[in-house]
Amino acid sequence: ASSTKPTVTQMKIVDFPAGTNFNPQSGYFLPEQSLYYVTSHAFSKGGEQIVVFKITPDLQAQYLMAWTSPLFPFGGLNSLAVLDENNLFVTLSFDNTYNGSTQED
């Protein structure tokens, strides 16, 4: 077992769109392109999004884009796994027909 401790570094977010909230849920780093994908619950200020950042050599998170979809339910994005820069899997806390009630099987 290694006795080295991981280094924790705070990154500055740059070029993020004004007026959009960033409430991260989970993230996935694609090291080949230094891309960081983050599920975010921006609610009324951006909706459900998968935000894509480029991690720069000086360890800044530069905003590139956000994926949105009518299939992303309000508050429902959960975790994700990225296959490549154009394909990913995302889990939902509930489906896009959720109406706030609970259902029994």
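Residue positions are given per chain, counted from 1 along the sequence in the order it is written. Predicted model: local features are reported for residues with pLDDT of at least 70 only, side-chain atom pairs are reported and counted for 80 or more only, and whole-chain, interface and lining totals are derived from all residues. To get the side-chain values, take all heavy atoms of the structure and skip hydrogens and water.

1. A short note on the packing of aromatic side chains
So, step 1. Aromatic contacts are taken between Phe, Tyr and Trp rings whose centres are within 6.5 Å, Trp giving its six-membered ring; a plane angle under 30 degrees counts as stacked, one over 60 as edge-to-face, and the others as tilted. In this structure the tally under the stated criterion is six aromatic pairs.
So, step 2. Ring geometry for Y37 and W67: centres 6.4 Å apart, planes at 80 degrees, overall edge-to-face. You can see Y37 sitting in strand β3 (residues 35–41) and its partner W67 sitting in strand β5 (residues 60–67), a full 30 residues away along the chain.
So, step 3. Between F53 and Y63, the ring centres sit 6.5 Å apart and the planes meet at 80 degrees, which makes this aromatic pair edge-to-face. One end of the pair, F53, is in strand β4 (residues 48–55); the other, Y63, is in strand β5, and 10 residues separate them in sequence.
So, step 4. Relative accessibility thresholds used throughout: buried, under 20% of the residue-type maximum; exposed, over 50%; partly exposed, between the two (1.4 Å probe, protein chains only). F53 gets classed as buried once you look at its relative accessible area, which sits at 2%.
So, step 5. On the basis of relative accessibility, which here comes to 18%, the residue Y63 falls in the buried class.
So, step 6. Members of the aromatic cluster, joined through ring pairs, are F16, F22, F53 and Y63. Working definition: helices are DSSP H or I runs of at least four residues, strands are E runs of at least two. Numbering for both runs from the N terminus.

2. With respect to the pairing of β4
So, step 1. With seven of eight residues buried, β4 lies mostly within the body of the structure.
So, step 2. Being paired, for any two strands, means DSSP has found at least two bridges between them. The pairing of β3 with β4 spans seven bridges and is antiparallel. Within β4, the residue paired with L35 across the bridge is K54.
So, step 3. The loop that links β3 with its antiparallel partner β4 comprises six residues; one of these, F43, has a positive phi angle of about 50 degrees.
So, step 4. Here β4 pairs with β5 via six bridges, running antiparallel. Across the sheet, the residue bridging to K54 is Q62, located in β5.
So, step 5. Where β4 folds back onto β5 in an antiparallel hairpin, the turn is made up of four residues, including L59, whose phi is positive at roughly 60 degrees.

3. A word on the sheet that holds strand β2 (residues 24–30)
The strands making up a sheet associate through backbone hydrogen bonding, with each pair oriented either parallel or antiparallel.
So, step 1. Across the sheet, which stays open at both edges, the five strands sit in the order β1-β5-β4-β3-β2 with mixed pairing between neighbours. Across the chains shown, the open sheet's two edge strands, defined by having one partner strand only, are β1 (12–14) and β2. Strand-to-strand twist in this sheet, taken as the mean axis angle between neighbours without regard to direction, amounts to 30 degrees. Between the N-to-C directions of two axes lies an angle of 0 to 180 degrees, each axis being a line fitted to C-alpha atoms and, for a helix, fitted only over the stretch in contact.

4. Quick notes on the pairing of β5
So, step 1. By the bridge criterion, three bridges tie β1 to β5 in an arrangement that is parallel. Within the sheet, the bridge partner assigned to K12 lies in β5 and is Q60.

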